[in-house]
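Examining the three-dimensional arrangement
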Amino acid sequence: MVPDTFQFPRGPDGRAFHAGLQYKSLPNKEKIKRSWMVYSAQSNAVFCFPCKLFGTKSTRLTKTGYSDWSNINICLRSHEGSPDHTKCMLQWRELDRRLRKNLAIDQQELSLMEAERKRWHDVLKRLFSITLSLATRNLPFRGSSQSLYVQDNGNFLKEVELLAQFDSVTEGHVARIKDDASRTHYLGQQTQNEIIEIICSQTIQTIVAKIKQAKYYAIILDCTPDISHKEQMSLVVRIVELVPEPHIREYFLGYMNVVETTGLNLSNVVLEKLRALGIPFEDCRGQAYDNGANMKGKRQGVQARLLQLNPRAAFVPCAAHTMNLVISDAAKSSTDAISYFGYLQRLFCFFSAATQRWDILLKHVKLTLKSWSDVRWESRLQSVVAVRSQVKEVREALLEARQAVTEPVARSEAQGLAEEVGSFRFLICTVVWAEVLSVTSQVNKVLQSSSMQLDIAARLIKTAKESLTKYRQSGFSEAIESAKELCEALNIEPELKQKRLRSTKRQFGYEAPDEPFSDAQKRLEVEFFNHVVDSALTSLQERFETMSQVRDTFGVLLDFQKVHGISKQDLHNHCMDVEKKLTDKGEADIDGQEMMQEIINLPQLSPQTTAFELLTYLHDNSLQEVYPNLWIALRIALTLPVTVASAERSFSKLKLIKTYLRSTMGQERLSGLAVISINAEVAHSLSLDDLISDFAARKARRALL
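Description of the structure in this document. Since the model is a prediction, treat every value here as computed from it, not as a measurement.

For the rest of this paragraph, the subject is the packing of aromatic side chains. Under the definition given, this model contains 18 aromatic pairs. Consider the rings of Phe-252 and Tyr-255, whose centres lie 4.9 Å apart with planes at 65°: the pair is edge-to-face. Ring geometry for Phe-476 and Phe-529: centres 5.6 Å apart, planes at 55°, overall tilted. Note that Phe-476 is positioned in helix 18 (residues 454-490) and Phe-529 in helix 19 (residues 520-543), a separation of 53 residues in sequence. By relative accessible area, which is 4% here, Phe-476 ends up buried. Among the aromatic residues, ring-to-ring pairing joins Phe-8, Phe-17, Tyr-39 and Trp-69 into one connected group. One Lys or Arg, Arg-93, reaches over the ring of Trp-92 and ends 4.6 Å from the middle of that ring. Above the ring of Phe-141, the side-chain terminus of Arg-669 is found at 5.2 Å from the ring centroid.

So, on to helix 25 (residues 611-620). Those residues of helix 25 that sit buried are Ala-611, Leu-614, Leu-615, Leu-618 and His-619. Projected onto a plane normal to the axis of helix 25, the buried residues spread over an arc of 140° and lie on a single side. Ser-622 occupies a position one or two residues after helix 25 and carries a positive phi of about 50°.

Our next topic: the pattern of salt bridges. By the definition in use, this model includes 29 salt bridges. Among the salt bridges present, the one from Glu-114 reaches Arg-117, with a minimum N-O distance of 2.9 Å. Of the two residues, Glu-114 and Arg-117 both sit in helix 4 (residues 107-136), three residues apart, roughly one turn of that helix. Residue classification places Arg-117 among the partly exposed positions, given a relative accessible area of 28%.

Following Val-243, the chain continues to Pro-244 via a peptide bond in cis, the omega torsion being 0°. Relative to the helices and strands, Pro-244 is located in the loop between strand 6 (231-241) and strand 7 (247-257). One non-glycine residue, His-229, lies in positive phi territory at about 65°. Within the secondary structure layout, His-229 lies in the loop between strand 5 (217-225) and strand 6. Judged by its relative accessible area of 74%, His-229 falls in the exposed class. The phi dihedral of Asn-491 is positive, around 60°, even though this residue is not glycine.

With eight of its nine residues buried, strand 5 lies for the most part within the structure. Hairpin connection, strand 5 to strand 6: the antiparallel pair is bridged by five residues, and His-229 has positive phi, about 65°. Pairing geometry for strand 5 and strand 8 (residues 284-288), over four bridges, is parallel. What sits directly across from Ala-218, in strand 8, is Gly-286.

Checked against the element boundaries, Lys-370 lands in the loop between helix 13 (355-364) and helix 14 (380-388). Note on Lys-370: relative accessible area 26%, which makes it partly exposed. Separated by eleven residues in the primary sequence, Lys-370 and Asp-359 have C-alpha atoms spaced 15 Å apart. Apart from the residues lying within four places of it in its own chain, the contact partners of Lys-370 are Phe-348, Gln-382 and Ser-383. At 2.9 Å, the side chain of Lys-370 forms a polar contact with the backbone oxygen of Thr-368.

With that out of the way, let us pick up the packing of helix 4 against helix 30 (residues 688-698). It is the contact of helix 4 with helix 30, at a shortest axis distance of 10 Å, that shows an interaxial angle of 105°. If you check the angle between helix 4 and helix 30, you find them roughly perpendicular. For the pair formed by helix 4 and helix 30, the contact residues are His-121, Leu-124, Lys-125, Phe-128 and Ser-129 on the first element and Leu-688, Asp-689, Leu-691, Ile-692 and Phe-695 on the second. Taken together, the residues that form the contact of helix 4 with helix 30 break down as six nonpolar, two polar and two charged.

Attention now goes to a nonpolar patch on the surface. A surface patch of nonpolar side chains, amounting to about 250 Å² of accessible area, comprises Val-38, Phe-49 and Leu-53. Note that Phe-49 resides in helix 1 (residues 49-54).

Attention now moves to the nonpolar core. One finds Trp-433, Phe-554, Leu-557 and Leu-630 to be the most contacted residues of the largest nonpolar core, which totals 109 residues. Once residues lying within four places of it in the same chain are set aside, the contact partners of Leu-557 are Val-578, Met-595, Ala-611, Leu-630, Ala-633, Leu-634 and Ala-637. Core analysis: the next-biggest nonpolar cluster, separate from the first, contains 78 residues, Ile-220, Leu-266, Val-644 and Ile-692 among them.

Reading guide: rules and limits
Here the residue numbers are simple positions, counted from 1 along each chain's written sequence. Residue-level local features of this predicted model are given only where pLDDT is at least 70; pairs of side-chain atoms are given and counted only at 80 or more, and the full residue set underlies all totals for whole chains, interfaces and linings. By convention in this description, side-chain values take in all heavy atoms of the structure and omit both hydrogens and water. Pairing of aromatic rings covers Phe, Tyr and Trp, the last counted by its six-membered ring, and requires centre-to-centre distances within 6.5 Å; plane angles under 30 degrees mean stacked, over 60 mean edge-to-face, and any other angle means tilted. Here a helix means four or more residues in a row that DSSP labels H or I, a strand means two or more in a row labelled E, and each is numbered from the N terminus. Note on exposure labels: buried denotes an accessible area under 20% of the residue type's maximum, exposed denotes more than 50%, and partly exposed covers the range between, all computed with a 1.4 Å probe on protein chains only. Ring-over charges, as used throughout, are those where CZ of Arg or NZ of Lys falls within 6 Å of the ring centre and within 35 degrees of the ring normal. The directions from the helix axis to the C-beta atoms form the arc being described. Here, a salt bridge means any Lys or Arg side-chain nitrogen found within 4 Å of an Asp or Glu carboxyl oxygen. Note: two strands are recorded as paired if DSSP finds a minimum of 2 bridges between them. Throughout, a contact is declared for two residues whenever any of their heavy atoms are within 4.5 Å. We define a polar contact as two N or O atoms separated by no more than 3.5 Å, with the added condition that, inside protein, one atom must be a possible hydrogen donor and the other a possible acceptor, whereas residues neighbouring each other in sequence contribute only through side-chain atom pairs. Fitted lines through C-alpha atoms serve as axes, helices being fitted only where they are in contact, and the angles separating the N-to-C directions of these axes extend from 0 to 180 degrees. Just so you know how the angles are binned, under 35 degrees is roughly parallel, over 145 roughly antiparallel, 65 to 115 roughly perpendicular, and the rest oblique. Following the grouping adopted for this structure description, the nonpolar residues are Ala, Val, Leu, Ile, Met, Phe, Trp, Tyr, Cys and Pro, the charged ones are Asp, Glu, Lys and Arg, and the polar ones are all others, Gly among them. Think of a patch as exposed residues, more than 30% relative accessible area, with no salt bridge, where like charges cluster within 9 Å and nonpolar side chains (Val, Leu, Ile, Met, Phe, Trp, Tyr) cluster within 5 Å. With residues, only the protein chains shown are counted as cover, and all accessible areas are computed by Shrake-Rupley using a 1.4 Å probe. We call a set of buried residues a nonpolar core when its members are Ala, Val, Leu, Ile, Met, Phe, Trp, Tyr or Cys and they connect through side-chain atoms within 4.5 Å of each other.

As structure tokens, this is what we get:
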């Protein structure tokens, strides 16, 4: 049937077909539909469908179509009354009745074909489910053999064998393969790769649809070498989902093999990836990387190059990585601090070097000693706590190990470590570092949340700064008292020995050297405690400067304590700053003047209300049209990332997927498995019927799908 809105083309005489011709008028003014008539828009002509199927005579209505619109009524009435048309109509109605009642002569063949199609559909459902199960658990698929019921045929075929023991569909499929009844089985490695690619593709399509629905997004990048010494760049996108309710989500979009790690090449790879996925870079409003020069460089870094293309994509350095650098700066500011962590590592290495020594340690302690990472400085808290809470037990284990070992070097090392652990200086350093690291570690762990918001991150950093400032005032005296208590438990004297430093002759200088401290305790306070805490405070101020600038730009949205006591002029200035930041090439995301009035018209809210809580309030009460500019600005502010922890977590999956035994894995398969594993929630929500339809449509299949 032709729609009423269709514009029929006119012929040379100016006449055209019209929708009223689809109905026949009866003498009693009733109308019946001419179901036999079909209009062809391509030919601009009408045909008789039943006569074209069953007719034996050649007419214009059955061959070329009738398009003489001036005589169309005469032709239709003449054709409807012809015996040949009536005969064809009866045959057409009879065929239609048989098809609807499944009485056609080929019905048995159709039933067999439908049963075969359903069987393959059920088999593929199980194969897709097995692939999803293995991929989300990061398990290898293949083994050294590609045959069923062979010892080393891999997890995929083993899952098929296991399922065949309890499932009739899989059992029948496996039986056909064993009996050579079918050469098509879809269990080979090429099919596995194809299934992985289909699941990955539809997962990405679902995520891209969410990104386009949210409109604004931020990108998170990080790089690392894999087991085969290829540089892999992880791309994560952060959005604010609004359906069914507001949620901050971060989605992994895959690994990209990069040859060069320069800012130019990395930015080109990212832009090409976004272009391939159909994600407009113009909607990007944030970018977060670590503190590498190729990433955060102000001239040649990735952030600088992307800002040239899109000035609205605000750069926020990774807060967790910055906090690591804060602790690194503090540890490197003092010789005593560097030496302390050296002793901790020596303790772990001594006991872990031999199973006999480790058994001795386990006899005395409940919490084993921990090694520390050169990169993750906050992880050193575990090393410090293991010693801080078990100093006596660790020292006793060293003394016992000194008697048990036979090697002279190991015995001497045990003696030296026992003396150092029992020293007053070591105990003071342990107490101080336990306090400093506990403050920064708590903040660091919270900052790594994928839903962390810029306003909450700023409050956490401010709290850490206040805690360290307070600890700076009375922390050393408290550390002395705690160290003395540990000395009592160890039954040693709390005596701080003065280390003699060799004096060297220096050339003449106008500035006299600092006068050395005669008091060892005062020297330790100035050269260790003050250096560590002051360096941490200074580094907190300097390294979080970029984040502070971004927060100040969106301050009116991220800190509602300012709004309650701010003048109208200052509020106007803040809103115009937000509008300026969100304007590029004359196009603005919001109107600053209108947003100011919307903020003034807000109902009374708690000063502690976060940006996410306000967005949720507007969503739950359907106030988007009342506060449209504030609604947009809040979504953009919450899109800004705080950390690259999601990208770093994707590297944990990389190590699980691409192992030493799977080091030859292709880039497409690696990225596909990672997308399924990391976005497991999205992958499991996919329809198996849609996946199978995609599988059937990709190319001609031997099986009926």
